[in-house]
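A look at the structure
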Amino acid sequence: MFGSGKDKGSTAASGEQSWRELAGSGKRRINSPQARKRRQEKWLKVVLALALVAAVVGGLVWAGIAFKNREETLEIGTPSKPIERILFDTDGVLPDSWLGTVIKLTPGMSMMEADIHGLKIQLESHGQVKSASVMRVFPSDLRIVLKERSPALRLAAAGPDGKPRLKIVARDGTVFKGVGYPKAMLQHLPYVQPYRGPDGKYLPMRGIEYVAQLLDYARENNRQLYSTWQVVSLEHFSGDLDLPGQIIEIRSTWVPRIIFSATADFQQQLDRLNYILKYVQDHGNPSIERIDLSLRGSAAVQFSSGRIGTF
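Let me begin by describing the structure that accompanies this report.

**Quick look at helix α4 (residues 116–124)**
- Those residues of α4 lying buried are Ile116, Leu119 and Leu123. Around the axis of α4, the buried residues are gathered within 60° of arc, so they sit on the same side.
- Looking at the buried residues of α4, the elements they touch are α3 (96–102), β2 (129–137) and β3 (141–148).

**What to know about the side chain of Glu148**
- The topology assignment puts Glu148 in strand β3.
- No salt bridge is formed by the buried Glu148; its nearest oppositely charged neighbour, Arg149, is found at 9.6 Å.
- In terms of polar contacts, Glu148 uses its side chain to reach the backbone amide nitrogen of Leu94, at 2.9 Å.
- Within the structure, the side chain of Glu148 is placed 3.0 Å from the side chain of Gln128, a separation counted as a polar contact.
- Other than its neighbours up to four places away in sequence, Glu148 contacts Thr90, Asp91, Gly92, Val93, Leu94, Gln128, Lys130 and Tyr181.

**A word on unusual backbone geometry**
- At the junction of Phe138 and Pro139, the peptide bond is cis and its omega measures out at 15° in the coordinates.
- Positionally, Pro139 belongs in the loop between β2 and β3.
- Omega for the bond connecting Leu203 with Pro204 falls within 30 degrees of zero, at 0°, which places this linkage in the cis form.
- Note on placement: Pro204 falls in the loop between β7 (191–193) and α6 (208–221).
- Despite not being glycine, Asn285 has its phi angle at roughly 55°, a positive value.
- With respect to the helices and strands, the residue Asn285 is situated in the loop between α8 (266–282) and β11 (288–292).
- What makes Asn285 exposed here is its relative accessible area of 53%.

**Brief notes about the pairing of strand β4 (residues 151–158)**
- Across seven bridges, β4 lies against strand β5 (residues 164–170) in antiparallel orientation. The residue of β5 that forms the bridge with Ala157 is Arg165.
- Counted between consecutive antiparallel strands, the loop separating β4 from β5 contains five residues, among which Gly162 sits at a positive phi close to 90°.

**A closer look at the nonpolar core**
- Formed by 37 residues in total, the largest nonpolar core has its most connected members in Leu153, Trp229, Leu234, Ile248, Phe260, Leu273 and Ile291.
- For this core, the leading source of residues is α6, giving seven residues.
- Setting aside chain neighbours within four positions, we find Trp229 in contact with Pro190, Leu214, Leu215, Ala218, Ile250, Arg251, Ser252, Ile258, Phe260 and Leu270.
- With 19 residues, the next largest nonpolar core counts Met109, Ala132, Leu142 and Leu146 among its residues.

**Here's the deal with the sheet that holds β2**
- Spatial ordering of the open sheet is given by β1-β3-β2, a layout of three strands whose pairing is mixed. The outermost strands of the open sheet, each flanked by one partner alone, are β1 (85–90) and β2. On average, each strand axis in the sheet is inclined to that of its neighbour by 15°, with strand direction left out of account.

**Focus: the pattern of salt bridges**
- Considering all chains together, one arrives at eleven salt bridges under this definition.
- The partner of Asp172 in a salt bridge is Arg149, and the shortest N-O contact between them spans 2.8 Å. One end of the pair, Asp172, is in the loop between β5 and β6 (175–176); the other, Arg149, is in the loop between β3 and β4, with 23 residues separating them in the sequence.
- Among the ionic contacts, a cluster of salt bridges with common partners joins Glu235, Glu249, Arg251 and Arg257.

**Considering α8**
- Under the 1.5 Å per step criterion, the end-to-end length of α8 is 24 Å for 17 residues, consistent within 8% with the ideal 24 Å.
- Among all positions of α8, only Phe266, Gln269, Leu270, Leu273, Ile276, Leu277 and Val280 are buried. With its buried residues spanning 120° around the axis, α8 presents them on a single face. Seen from the buried face of α8, the exposed residues on the opposite side, beyond 90 degrees, are Gln268, Tyr275, Lys278 and Asp282.
- Here α8 starts with a cap whose side-chain oxygen sits 3.1 Å from the backbone nitrogen of Gln267, and that cap is Asp265.
- Trailing α8 by a residue or two, Gly284 shows a phi angle of about 90°, which is positive.

**Here's the deal with the packing of aromatic side chains**
- Scanning the entire structure with this criterion turns up four aromatic pairs.
- Connected via pairs of aromatic rings, a cluster forms that spans Tyr226, Trp229 and Phe260.

Thresholds applied
Residues numbered from 1 in each chain as written. Predicted model: local features only at pLDDT ≥ 70, side-chain atom pairs only at ≥ 80, totals over all residues. Heavy atoms only, no water. Buried < 20%, exposed > 50% of the residue type's maximum accessible area, 1.4 Å probe, protein only. Helix = DSSP H or I, 4+ residues; strand = E, 2+ residues; numbered from the N terminus. Arc of directions from axis to C-beta. Contact = heavy atoms within 4.5 Å. Lys, Arg positive; Asp, Glu negative; His and termini not counted. Salt bridge = Lys/Arg side-chain N within 4 Å of Asp/Glu carboxyl O. Polar contact = N/O pair within 3.5 Å; in protein donor to acceptor, adjacent residues only side chain to side chain. Pairing = 2+ DSSP bridges. Core = buried A, V, L, I, M, F, W, Y, C linked by side-chain atoms within 4.5 Å. Axes fitted to C-alpha atoms, helices over the stretch in contact; angles between N-to-C directions. Expected span 1.5 Å × (residues − 1). Phe/Tyr/Trp six-rings, centres within 6.5 Å; stacked < 30°, edge-to-face > 60°.

Shown next, in the form of structure tokens:
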């Protein structure tokens, strides 16, 4: 009995020692062939999974690039159809026939061969055109939209042969050969005698926008008076309102010379002019040589008899 118990105790001590050895050996990698095989299989699965993810992502990226390239190919390929029509629109008077003399398109030219920017520059090089827009309208049309300058005055300019040529002066001072304007419309525009600069040149013309304001107000408020205005003389109007003594002179069939201040209020000056004309008419309508409205606070009227009146 006792011997048997001693043997157990000896076995227990031996088992305790074996447990410690076993516990310590769990921290070391097992290098048996089976363990290495399991580890290799585990890493192989990870590598295959990463390769599968990379393949899926690469496929999606490739599909996106291919679709984008296909869209670009379609976008570039479609407009190669030849130009069939030109859709022309303007806010002025230029006719369709004028457009054919300005731009030249080769027969059979495709939509993409048309130089839109070049056509725009070509159209805007003509003084009557203020701005031009040229657009492709797929599949086979070009749309051209123009904004034209507004005429304010007429100018009789000498041509190469010395003979006078009719020119149009726009509100911004641009001088151009008018195309498409009805004769009746041009007949209502006064002629302009330009300002001659220190260098002796007439161009460029400055300050026309102020002259146009005077003409607009006269036409809107006293059309009968405006219809008698034949020439607008800018001999003493350089267009610089900061210079003293800037005047605009009107020559009409009623009064040979009507002088306006370029810097004073046009409405007040025209109201005073209407009052003077009515006063003169009520007093026998004596002949008038000049009405000077440029004076501050008053106007001087010179009659053909030599008498001068102040109003």
